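Take a look at the letters that make up each chain.
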Amino acid sequence: MGDQPVSTVEFATGSDRADGLPHALAVSRVVCAHGPSGGLQAVLEKGRQVVFGRAPEGAGAVPLADPSTSRQHASLEWAETGLVVRDLGSKNGTWVDGVKLEGAVTVRDGSVIRLGGTVLVVESVELQKGAKLLPASSELWGDSLLLQQLRGELATVAPSNLPVLVLGETGVGKERVAAELHRLSGRKGALVPVNCAAIAPHLAESELFGHVAGAFTGAQRASEGVFVAASGGTLFLDEVGELPLDLQPKLLRALADGEVRPVGGSRATKVDVRVVAATLRDLTQAVAERTFREDLYSRLQAWVVKVPPLRARRLDVATIGRRLLEKHGVKEVSADVAEALLLHDWRFNVRELEQVISVCVVKAAGAKLRRDHLPAALSDRLGTRGKESAVAAPPPLELSVPRDAQPDAEALTRALTHFKGNVVELADYFGKDRKQVYRWLERFGLDPSTFR
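Please read these numbers as outputs of a predicted model, since none were measured by experiment.

Conventions we followed
Residues numbered from 1 in each chain as written. Predicted model: local features only at pLDDT ≥ 70, side-chain atom pairs only at ≥ 80, totals over all residues. Heavy atoms only, no water. Helix = DSSP H or I, 4+ residues; strand = E, 2+ residues; numbered from the N terminus. Rg over C-alpha atoms; globule rule 2.2 N^0.38 Å. Contact = heavy atoms within 4.5 Å. Areas by Shrake-Rupley, 256 points an atom, 1.4 Å probe, with all protein chains shown as cover. Lys, Arg positive; Asp, Glu negative; His and termini not counted. Charge placed at Lys NZ, Arg CZ, Asp CG, Glu CD. pLDDT = per-residue confidence, 0-100. Buried < 20%, exposed > 50% of the residue type's maximum accessible area, 1.4 Å probe, protein only. Arc of directions from axis to C-beta. Polar contact = N/O pair within 3.5 Å; in protein donor to acceptor, adjacent residues only side chain to side chain.

Our focus in this paragraph is the overall build of the protein chain. A tally of helices and strands in the protein chain yields 14 helices and 18 strands. Here the C-alpha atoms of the protein chain give a radius of gyration of 32 Å, more than 25% beyond the 22 Å that 2.2 N^0.38 yields for 452 residues. Dimensions along the principal axes, computed over C-alpha positions, put the protein chain at roughly 105 × 70 × 40 Å. Residue pairs at least 24 apart in sequence account for 63% of intrachain contacts in the protein chain once pairs closer than 6 positions are excluded. Approximately 22,400 Å² of the protein chain is accessible, and the part contributed by carbon and sulfur atoms is 49%. Positive and negative side-chain charges of the protein chain, numbering 56 and 55 respectively, have mean locations separated by a distance of 2 Å.

A residue-level look at the protein chain finds 92% of positions with pLDDT of 70 or above and a mean pLDDT of 88. Ranking the helices and strands of the protein chain by mean pLDDT puts strand β10 (residues 112–115) first, with 98, and helix α3 (residues 204–209) last, with 84. Throughout residues 2–16 the model reports pLDDT below 50, and contacts reaching past four residues in sequence, or to other chains, amount to 43 contacts. Across residues 388–392, confidence stays below pLDDT 50; counting only partners more than four residues off in sequence or on other chains, it has zero contacts.

Before going further, it helps to examine helix α12 (residues 409–418). By the burial criterion, the buried members of α12 are Ala-411, Leu-412, Ala-415 and Leu-416. Here the buried residues of α12 occupy an arc of 135° about the axis, which is enough to place them on one side. On its buried face, α12 is in contact with α13 (423–430) and α14 (434–444). Two to three positions downstream of the cap, the backbone nitrogen of Glu-410 sits 3.3 Å from a side-chain oxygen, assigning the N-cap of α12 to Asp-408. Just past α12, the residue Lys-420 takes up positive phi, approximately 55°.

This next bit is on the side chain of Arg-274. Positionally, Arg-274 belongs in strand β17 (residues 274–279). Within the structure, Arg-274 has its side chain in polar contact with the backbone oxygen of Ser-160 (distance 3.3 Å). Setting aside residues no more than four positions away along its own chain, Arg-274 makes contact with Val-157, Ala-158, Ser-160, Asn-161, Leu-162, Pro-163, Val-164, Ser-185, Arg-187, Gly-233, Thr-234 and Leu-235.

On to the environment of Leu-441. Considering the arrangement of structural elements, one finds Leu-441 in helix α14. Each C-alpha atom of the pair Leu-441 and Lys-91 lies 54 Å from the other, and the pair is 350 residues apart in sequence. Setting aside chain neighbours within four positions, we find Leu-441 in contact with Leu-412, Leu-416, Val-423, Leu-446 and Pro-448.

In structure tokens form, the structure reads like this:
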């Protein structure tokens, strides 16, 4: 969790990035995700060595404001095997993807490199021709190149009225993508989200298109439905693949005609709605299995946006994690915590990250987030690093020396050792007057001063 947000990298493309890249571009860079130099980045070019450290030398020197790094700590450069990181005899060592580096190793997109208290992330991605790279927004946090490219794509399609189909794993932020599309669209109406999987099948038509009073049992009042509620704005149909098959042609008609007719009603209502749909399901397979209409799928996928999972854009873990921690008022995070968060695969994406951060904050109780606040699945990625040797705590004195019995020489010796020869505490423990305790000591020939 770096101290500064990572800025959008500038590429020598001969074109303003807001106009889109003139050709596909393979980009590799390394970014400081946590540490005193948070936000620092270096583009990795073939034929050029980059050296990190407290005071590195040479043309490719990248100084780190981290006193726990060596003067020349580690280097990265291209070789026949790919991008290679090499430890340069550092005092504290170099760790790559949670493993201590011995010599050199080839890294890949998403590799996490630890140098002292600094955590770096490698990005190696292929940017599409025409891609626009846009910085973080209020809806979509993250500094990875893939997310910058995604924001650029959303900015391109948002001003149109095209239906957009958003695809991605659970918890990846599809609703945030819909919110960003709505924000950039300039539409004055509301963003109305609907979870299609949560609608009771017998109420689905009424939920979408509304109903007149008395249309069915329990319909005591008229309801406008979400299409009318979203008129002038954006309707987000989450889990659209779960819509009942018999309702799909009615949704298709509403999209094609721009009007809806409430259940039990005779008149259609014109609506101006931009539809954004999202699903976890493979709709092409659903079409083949005839559980989703091909014509509806064709209309919904006018523009398809694919949201990459969090494990494919590890740099965003740092940015999103930092924003979530700020919401909880947490400002300090150890390098161990930052590294562990970046190493985790996040099967449930941002939703899982939010949950883990919430648990850590509760455990930390306002203090700096440390490794022992992490769930075991994340902490274990660091191996034995930073773990103190387990020391067995002495058993409570009450287990070996009863408080309500007259002690023998062995028990009194144990009690004196525990209280370090303090006779006042010894008397309080047994609930006796100090004179009585001194009589015991005299009887067994014990001198409290020798236990201090």
